[in-house]
Amino acid sequence: MKTILNPLFILVSIASIGFLTACEDDETTAKPVIVLHELGINNSHEAHIGGDLHIDAEIVAEGKIAKIVIELHSESSDNEIEVEFVDGYEGLKNAEFHEHVEIPETFMTGEYHFHLVVTDMEGNQAIMEEHVDIE
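Let us now look at the environment of Val117. Mapped onto the secondary structure, Val117 falls in strand β7 (residues 110–120). With 49 residues separating them along the chain, Val117 and Ile68 place their C-alpha atoms 5.7 Å apart. Beyond its immediate stretch of four places on either side in the chain, Val117 contacts Lys67, Ile68, Val69, Glu71, Gln125, Ala126 and Ile127.

Okay, here's the thing in structure tokens:
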């Protein structure tokens, strides 16, 4: 007795095996998690020109931290700061981020947008956005 396999059956079988194999390798790392404990002294969300902005946050990055970036910008002027932190944080899964960012004398008073951006070594990002008053 001769058995002939249906070409459609063979094609479906190969496709199913390929799909199951692809699903096994499709594990994704969760993006970093940021818990902001304090922004400004006593969590006031305020900073002073010529002073600094106090930032205290807890970061958990399953894919290990590659870099942390602080951005501060005004919607009403060209004032903008971007500071990148790598040393002391790169390669960590858990970090207590406690930093102070200097506010230049050239800044104008007003409302600013604060962004804390954490990028892990797999390219995943988490962004924390807040409001800050500069006086």
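So that's the structure; there's more coming.
Strand-to-strand pairing in sheets goes through backbone hydrogen bonds, with the strands running parallel or antiparallel. Ordered by their spatial adjacency, five strands build an open sheet running β2-β8-β7-β4-β5, and the pairing between neighbours is mixed. Edge positions in the sheet fall to β2 (46–47) and β5 (80–85), since each has one partner strand and no second. Sheet analysis places strand β4 (residues 65–74) next to β5, joined by six bridges and oriented antiparallel. When the sheet's bridge partners are listed, Val69 is paired in β5 with Glu84.

This paragraph deals with the nonpolar core. Residues Leu53, Ile55, Ile68, Leu72, Phe97, Phe114 and Leu116 are the most contacted members of the largest nonpolar core, which totals 29 residues. Elements with a minimum of two residues in this core: β1 (33–39), β3 (52–60), β4, β5, β6 (94–102), β7 and β8 (125–134). Setting aside residues no more than four positions away along its own chain, Leu53 makes contact with Leu39, Gly40, Glu46, Ala47, Leu72, Glu99, His100, Val101, Ile103, Phe114 and Val132.

Turning our attention to the packing of aromatic side chains. Counting across every chain of the model gives three aromatic pairs. With centroids separated by 5.2 Å and ring planes inclined at 50°, the aromatic side chains of Tyr89 and Phe97 adopt a geometry described as tilted. An aromatic cluster is built from Phe85, Tyr89 and Phe97, whose rings are joined through pairwise contacts.

Criteria and cut-off values
Residues numbered from 1 in each chain as written. Predicted model: local features only at pLDDT ≥ 70, side-chain atom pairs only at ≥ 80, totals over all residues. Heavy atoms only, no water. Helix = DSSP H or I, 4+ residues; strand = E, 2+ residues; numbered from the N terminus. Contact = heavy atoms within 4.5 Å. Pairing = 2+ DSSP bridges. Core = buried A, V, L, I, M, F, W, Y, C linked by side-chain atoms within 4.5 Å. Buried < 20%, exposed > 50% of the residue type's maximum accessible area, 1.4 Å probe, protein only. Phe/Tyr/Trp six-rings, centres within 6.5 Å; stacked < 30°, edge-to-face > 60°.

The values reported here are purely geometric and, on their own, carry no functional implication.
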